[in-house]
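Chain by chain, the residues:
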Amino acid sequence: MADVEGSEVRQIVWFEELRRKDVGLVGGKNSSLGEMVGTLGGMGVKVPPGFATTAGMYRGYLKQNGFDDRIADLLAMQRTGHASLADTGLAIRKLMLGGSWPEASAEAIREAYRELSRRTGKSNANVAVRSSATAEDLPDASFAGQQETFLNITGEVALLDACRRCFASPFTDRAISYRHTKGFDHMAVSLSIGVQQMVRSDLAGSGVMFSIDTETGFPDVVVIDAAFGLGENVVQGAVDPDEYQVFKPLLTNPALTPIVAKKRGDKAIKMIHGGVGEPTRNVPTSKAERAAFVLSDAEILRLANWASIIERHYGCPMDMEWAKDGETGDVFIVQARPETVQSHRDASAYRSYRITRSGKRLASGIAIGDAAVQGRVCLIEEARDIANFVDGSILVTSTTDPDWVPIMKRAKAIITDHGGRTSHAAIVSRELGLPAIVGTGNATHVLHGEQDVTVSCAEGDEGIVYDDTAEFEVDMVEVSAVPETRTQVMLNLANPAAAFRWWRLPADGVGLARMEFVVSNHIRVHPMALVNFDTMKDQAAKGAIAELTAGYADKTEFFIDHLSRGLARIAAALYPKPVIVRMSDFKTNEYAGLLGGAEFEPAEENPMIGFRGASRYYSPRYRPGFALECRAIRRLREEMGFTNVVMMIPFCRSIGEADKVLAVMADNGLQRGENGLQIYVMCEIPSNVIMAADFATRFDGFSIGSNDLTQLTLGVDRDSGELASLFDEQDAAVKWMIGTVITEAHKAHTKIGLCGQAPSDHPDFAAFLVECGIDSMSVSPDSFVAVKRIVAAAEAKR
C-alpha cells in the first residue's frame, strides 16, 4: 500500500486496511496491528480498533516547518563532536514540539478520531497514542521502547498534542543513540502514529507475553507477565508482576490445563487514569490485589492460545502486549512484534555454566540469561547519577528505563530491585548478552559500592548474588556433534526452574526426576502437616505454614498444586519423550527437616535402611501424604496432559510390599495400564535382583540405583568416610548383581536402565553396561555429551 494516492499524500489508514508488508508506510508496530485485525480476528484474536498516520504525514510535517535541513545540521554537529548528544536531542525536540500542523494533516486526524469515537460508541473516545518507527522491529533490530506512548488521551486538542509529541520522540537521546549504534540513517527513518481505542485495563490488568522462553529459548512455552492497571509499569520494570507459563503443544486439547508455572508477584503499585493535565498516575495496590492473581486460568489459556495463533501466522516467536478491559471483562492484544533475541541464537551449540564453590548468598531474583560473572558493584539509585558509573562494573539500581541504556552497554551485569522477565532491564540485558537479576526487592539495600560479588544466572529461574568471587566452570556444548547410540541416554533432573535449560540436548527423556527436590525447595512443608493442619501441636510451625499457604483454603491443595506444576516443567522440557518421576524417597531425618515434619516422623538409628520409600506409602503414618503425591501425578497426567510421565517406586523391599503399594495407588486412581500409565520400580536392594522375575510381572521397568545397590550388596555405609575406599560400584559382586538383573529383565521383556554418575565417572563401567545390553542410562545434564560419546565408542567396539 503506497502513501500516495494520485497526487495527494495519504494521511490516515485504518488498521483493517493494513498488512505487515506496510512497514514502510506505518512502521512495524502499526502494520502488525493491521495484520492481526485483518487476518486473525476470525480466529478469535481480539485487537482494539484504531487507525495509523502514515510516514507521508510525518514527512509533510517536517517539510511544512522546514525542519529537514535544520535537523540534519544539528545531527551533523553532534556527529563531529561540536555538540553533545543531550543538547542535540533537546534542540531537535524543541523544534518538533514548536512546529505547526499542516491543516490537511490535522483535519485528517480529527476526522479519523471522530469516526473512531463513533465506532466505539463514545462522544470522545479515550485512546492510546503510540509511535511506530518505519524501520521498527526488523529481524536484526528492535526499536521497542525507543519512541513514546501516551495513554488515556481524550479529545481532539489533546490528541493533536500527543501526536506532536510522538513526532518529537525519534529524537530522544536514547533513540538517536540507538539508531547510531544500529547504523540507521536518522533522516531515512520516518514515524507513524497508532491511535487505538483505550482498553480500560486501569480497572483490570495488563502485561507482556512471549511465545518462547525468554531465557533458554525453549520454543514450546508461552511466558506471560501480568500486573494490575495499565501496562507501562510492567514494561518499565516498575512493578514485580505475576508470571505464568503455558505449555503450547497441549493447548490443542481444550479439556487440558497445561499451565506449568504460576508465580504471584508483589504488584505493589498500579497505573490508572488520572485527571485533567495528568492522563495517568500510579497508586498503591490493595492488600487483596497483592494477594490475588491478575488473571484466571481461563484467561491465561486464552492468551496462550492467541500467542500460539499469532506465532504460527507470523512464522516466528513473538513478543506481545495484552490488556484486559475492566468494564467488559474482554482481553485484547494491543501489540505484537517478532522476538529478536532467543529466536536468533545458535541452537546447535551453547555455553553451560556450573557453580562449583560460592560465598554467602546476598540477594536473589529472576535470572535473565544463563551465565555467571564476577565483578565489582557500582550502585546507582538515581538517573541523575548515571555519569558516575564505572565501566565494567556490575550495575545495581532500583529499576531502569531507556535513558539507562548507554551505561547498561558498559556494564558487566545488571541487578535491579524491581521488574519481571519482560521488564526494560530484562529485555535490554538479553539484547546486550549480559546476565542480569531483576526483581530482587532489596539489592540496593544489601549491596554496596565497590563490593566484589558473583552474579549467577546459571542455576535455573532464580538468579543469585554471592559475596566475593565464586568459582564456576564453563563448558561449550556442541549439540550437533553428539553421536547417535542404540543405548538410550537420558537425563537426571530435579530442579524445575532449570529444566528448560536442557531442551536442546538430544536426550531420550528423563530417566530420573527427583520428587524430593520439588518438595524440599518449592513446597517446604511436610505433607502430613498439611493433612493435619488444624490439629497440629507445633504452633510456630503452624504459623509458618499458614503464611506460606496463604490463599489456599484447603492446605493440601498447596502441596498438590506446587508439586504438579514443578514436575510439569520437567515433563515439558523433553515432551513427548518419557519422564520417569520417582515418588518421594526422603529418609525420616530428611522428612523431619520439612516445616511441621518433626511432629510426624519417628527417630531412627539408621534412616538409610529405615522407614523410607515404598514402606511409607501403605503405612497409616504416611499413607494420606502419599495420597497427595498420587493426586499430584493424576493432575499432571490427566488435567494438564503430561501422559509421558512414568511413575517409579523406590526402595521396594519385597513382592508383598509391591502389591500393597500398587493397591494403594489404584485406590488413588492410578491403575497401571490405564490411560497408558507405566509404573517402574527402583532396583537398589539385593532382593530386587533375586526376585527380579516376580517384580517384572508387576512393573513395566526397572531403574538400577547403583549407590544403594552397592551399599547393600557390600554392606558399606555410603556416607561413612572410614569406609569410603570400600564403596566401589565396579566391585565384582555389584557388577554381578547388575548383569544378573539386566538378564532377568530382558527375559521378561521388561525395560531396564541405570540412573547415576558411574557411567560418566568411569568409561569402562559404561562399556560394561553396554556389554550387558542395558536399555538406557540416565546421567546429569552436564555429563550427557561425554556419556553419549563413551556409549557410542563402547557400542562400536561391541
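As the structure is a computational prediction, the values presented were derived from the model and not from experiment. (Residues numbered from 1 in each chain as written. Predicted model: local features only at pLDDT ≥ 70, side-chain atom pairs only at ≥ 80, totals over all residues. Heavy atoms only, no water.)

Visitor: It is not clear to me how the side chain of glutamate 729 should be interpreted in this structure. Could you clarify?
Guide: Structurally, the position occupied by glutamate 729 is in the loop between helix H24 (706-714) and helix H25 (732-747). Arginine 718 provides the closest opposite charge to the buried, salt-bridge-free glutamate 729, at an N-O distance of 8.6 Å. Only 2.6 Å separates the side chain of glutamate 729 from the side chain of serine 706, close enough to count as a polar contact. Setting aside residues up to four positions removed in sequence, glutamate 729 forms contacts with Ser706, Asn707, Thr710, Val734, Lys735, Ala758 and Phe765. (Helix = DSSP H or I, 4+ residues; strand = E, 2+ residues; numbered from the N terminus. Buried < 20%, exposed > 50% of the residue type's maximum accessible area, 1.4 Å probe, protein only. Lys, Arg positive; Asp, Glu negative; His and termini not counted. Salt bridge = Lys/Arg side-chain N within 4 Å of Asp/Glu carboxyl O. Polar contact = N/O pair within 3.5 Å; in protein donor to acceptor, adjacent residues only side chain to side chain. Contact = heavy atoms within 4.5 Å.)

Visitor: Would you explain the sheet that holds strand E23 (residues 462-467) in this entry?
Guide: Sheets are built from strands that pair by backbone hydrogen bonding, the pairs being arranged parallel or antiparallel. If you trace the 7 strands once around the closed barrel, you get E17-E21-E20-E19-E18-E22-E23, paired in mixed fashion. The mean angle between the axes of side-by-side strands here comes to 35°, regardless of whether they run parallel or antiparallel. By the bridge criterion, 5 bridges tie strand E17 (residues 361-368) to E23 in an arrangement that is antiparallel. If you follow arginine 361 over to E23, its bridge partner there is tyrosine 466. (Pairing = 2+ DSSP bridges. Axes fitted to C-alpha atoms, helices over the stretch in contact; angles between N-to-C directions.)

Visitor: It is not clear to me how the packing of aromatic side chains should be interpreted in this structure. Could you clarify?
Guide: Here a ring pair, both rings aromatic, is described through the centre-centre distance and the interplanar angle of the planes. Evaluation of the coordinates by the stated rule reveals 19 aromatic pairs. Between tyrosine 575 and phenylalanine 642, the aromatic rings sit 6.0 Å apart at their centres with planes inclined by 90°, giving edge-to-face as the arrangement. Taken together, the residues span a long stretch of sequence, with tyrosine 575 in the loop between helix H17 (555-573) and strand E27 (579-582) and phenylalanine 642 in the loop between helix H20 (623-639) and strand E28 (645-649) at a distance of 67 residues. Ring pairs connect the aromatic residues Tyr58, Tyr61, Phe67, Trp101 and Phe167, which therefore count as one cluster. A cation over an aromatic ring shows up here: lysine 262 above the ring of phenylalanine 293, its NZ or CZ 4.4 Å from the ring centre. Sitting over the ring of phenylalanine 533, lysine 555 keeps its end group 5.4 Å from the ring centre. (Phe/Tyr/Trp six-rings, centres within 6.5 Å; stacked < 30°, edge-to-face > 60°. Lys NZ or Arg CZ within 6 Å of the ring centre and 35° of its normal.)

Visitor: Would you mind going over helix H3 (residues 67-79) with me for this structure?
Guide: Helical geometry note: an α-helix holds 3.6 residues per turn, so side chains three or four residues apart project in the same direction. Taking 1.5 Å per residue, 13 residues should reach 18 Å; H3 reaches 18 Å between its end C-alpha atoms and fits that length. Along H3, the positions that sit buried rather than exposed are Phe67, Ile71 and Leu75. Around the axis of H3, the buried residues are gathered within 60° of arc, so they sit on the same side. Among the exposed residues of H3, those pointing more than 90 degrees away from its buried face are Asp69 and Asp73. (Expected span 1.5 Å × (residues − 1). Arc of directions from axis to C-beta.)

Visitor: For this particular structure, what's the right way to read the nonpolar core?
Guide: A general feature of soluble globular proteins is that nonpolar side chains tend to end up buried together. Phe642, Ile649, Met665, Ile704 and Ile738 are the most contacted members of the largest nonpolar core, which has 109 residues in total. Top contributing element to this core by residue count: H17, with 10 residues. Ignoring any residue separated from it by four or fewer positions in sequence, one finds isoleucine 649 in contact with Met583, Ala614, Tyr617, Val661, Met665, Ile679, Tyr680, Val681, Met682 and Phe699. (Core = buried A, V, L, I, M, F, W, Y, C linked by side-chain atoms within 4.5 Å.)

Visitor: Please clarify how the pairing of strand E5 (residues 126-133) should be interpreted in this entry.
Guide: Walk down a regular strand and you will see the side chains alternate between the two sheet faces. For E5, a buried count of 7 out of 8 residues is recorded, marking the element as mostly surrounded by other parts of the structure. Two strands pair when backbone bridges link them, and E5 and strand E6 (residues 149-154) are joined in this way by 4 bridges, in the antiparallel orientation. Note on E6: the bridge partner recorded for arginine 130 is threonine 149. Alignment of E5 against strand E7 (residues 191-197), held across 7 bridges, turns out to be antiparallel.

Visitor: What am I meant to see in the sheet that holds strand E15 (residues 331-338) here?
Guide: A sheet is described by the order of its strands in space; here 6 strands give the open sequence E11-E10-E9-E8-E14-E15, paired in antiparallel fashion. Looking at which strands have only one partner, the edges of the open sheet turn out to be strand E11 (259-263) and E15. Put simply, the sheet's adjacent strands are angled 15° from each other on average, direction ignored. The pairing of strand E10 (residues 242-247) with E11 spans 4 bridges and is classified as antiparallel. Residue pairing for E11: glutamine 245 is matched across the bridge by alanine 261. Contacts from helix H10 (residues 297-314) reach strand E8 (205-210), strand E9 (221-228), E10, E11, strand E14 (318-324) and E15, with the element oriented near 35° to E15.

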